Amino acid sequence: LITFLSDGQTTRQGFRLKYQCGAEPVSNDHVSDYCNSVEVVTGTGTISHGPYDNDEQLCWFVTCDSPTNLRIEFAFFETEPKYDFVDVIEYDGGIHSSVIGHYSGYSLPFVSSMNMENSQAGFLIKFQSDRSISREGFSLKYRCGASSTSNPFNGYCDSGEVVTGTSTLSHLLYENNQNLCWFITCDSPTSLQLDFNFFDMQEVFDFVNVVEYDGSFHSNTVSYSGNTLPPSSSMEMVNGQTGYLITFLSDGQTTRQGFRLKYQCGAEPVSNDHVSDYCNSVEVVTGTG
């Protein structure tokens, strides 16, 4: 489902995408579709870039020699806000890749991890700078074979609040320099759904991350900033330890109104008829076009 949302001021050129049924699986060689060249790194190590130059586009593909847990953690981050970016792209070794983090400014991105199902999976780190003004850059650590954890807050917060069932989670009129976590789960395996109904963050500097946790490993981190309402998220829990980790991070200046979301255990599975819950009208397309 592709959703488009515009606010009440200033428009841009829009977007264009190609869709294709029956697409051939791609190999690691094709992560270079994102950059002219890609440096491949494996095992355990550090990627550092900075102070960087203007008009740069660089990529690193972080993977492991065999299926295992892969974890990346930023230790330093400073790019020109709104103009120079680091993207974290999750790649499954087949045809699926998704941008799970689009970072700019001075806030340290959260940990990202995946449980690799094959040795072609990994994280693509993409750096892009514009033609003026540079900063100190970034540094991150990557590690293959990262230990599983029974603590959903591990690597994100020292501690956090665990909530279950169906209710509302809100953090409004937040303060500077906050790092907070909530873990949303259910008392038994069932479906779990999140719906944001209010969202107002200082764009580029303050973030809410939604992270899937399967009881041992974190994966599929999606980062949100600004004032666009995040889309709904849902999962089928495989055990009573599965859930969503919600993380919040603010920098040292300028605050906004915060966020509010509804979580629901036992949400009914949705059929194609219910994709209209996202929009007043939905156009369905098939094939290649």
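Residues numbered from 1 in each chain as written. Predicted model: local features only at pLDDT ≥ 70, side-chain atom pairs only at ≥ 80, totals over all residues. Heavy atoms only, no water.

**Student:** Can you walk me through the pairing of strand 5 (residues 85–91) in this structure?
**Tutor:** In summary, the side chains of a regular strand alternate between the two faces of the sheet. Of all seven residues in strand 5, seven are buried, a share of seventy percent or more. On strand 5, burial covers both faces: Phe85, Asp87, Ile89 and Tyr91 on one face and Val86, Val88 and Glu90 on the other are all buried. In terms of strand pairing, strand 5 meets strand 8 (residues 122–128) through seven bridges, oriented antiparallel. For Val86, the partnering residue across the bridge sits in strand 8 and is Phe127. Two strands pair when backbone bridges link them, and strand 5 and strand 6 (residues 97–103) are joined in this way by six bridges, in the antiparallel orientation. Considered in strand 6, the bridge of Asp87 is made with His102. (Buried < 20%, exposed > 50% of the residue type's maximum accessible area, 1.4 Å probe, protein only. Helix = DSSP H or I, 4+ residues; strand = E, 2+ residues; numbered from the N terminus. Pairing = 2+ DSSP bridges.)

**Student:** What is the right way to look at the pattern of salt bridges in this model?
**Tutor:** Opposite charge on two side chains permits them to pair, given that their charged atoms come into close proximity. What the rule picks out here adds up to one salt bridge. The shortest N-O distance in the salt bridge between Arg71 and Glu73 comes to 3.9 Å. (Salt bridge = Lys/Arg side-chain N within 4 Å of Asp/Glu carboxyl O.)

**Student:** What exactly am I supposed to notice about the packing of aromatic side chains here?
**Tutor:** The geometry of an aromatic ring pair is captured by two quantities: the separation of the ring centres and the angle between the planes. On inspection of all chains with the given rule, the structure shows 18 aromatic pairs. Ring plane angle 65 degrees and centroid distance 4.8 Å describe the contact between Tyr174 and Phe248, whose orientation is recorded as edge-to-face. Of this pair, Tyr174 sits in the loop between strand 11 (167–172) and strand 12 (179–185) while Phe248 sits in strand 17 (residues 243–249), placing them 74 residues apart in sequence. As far as burial versus exposure is concerned, Tyr174 and Phe248 are alike and both buried. Put simply, the rings of Tyr52, Trp60, Phe74, Phe77, Tyr103, Phe127, Phe138 and Phe207 pair up and form one aromatic cluster. (Phe/Tyr/Trp six-rings, centres within 6.5 Å; stacked < 30°, edge-to-face > 60°.)

Any functional reading would require information that these geometric values do not contain.
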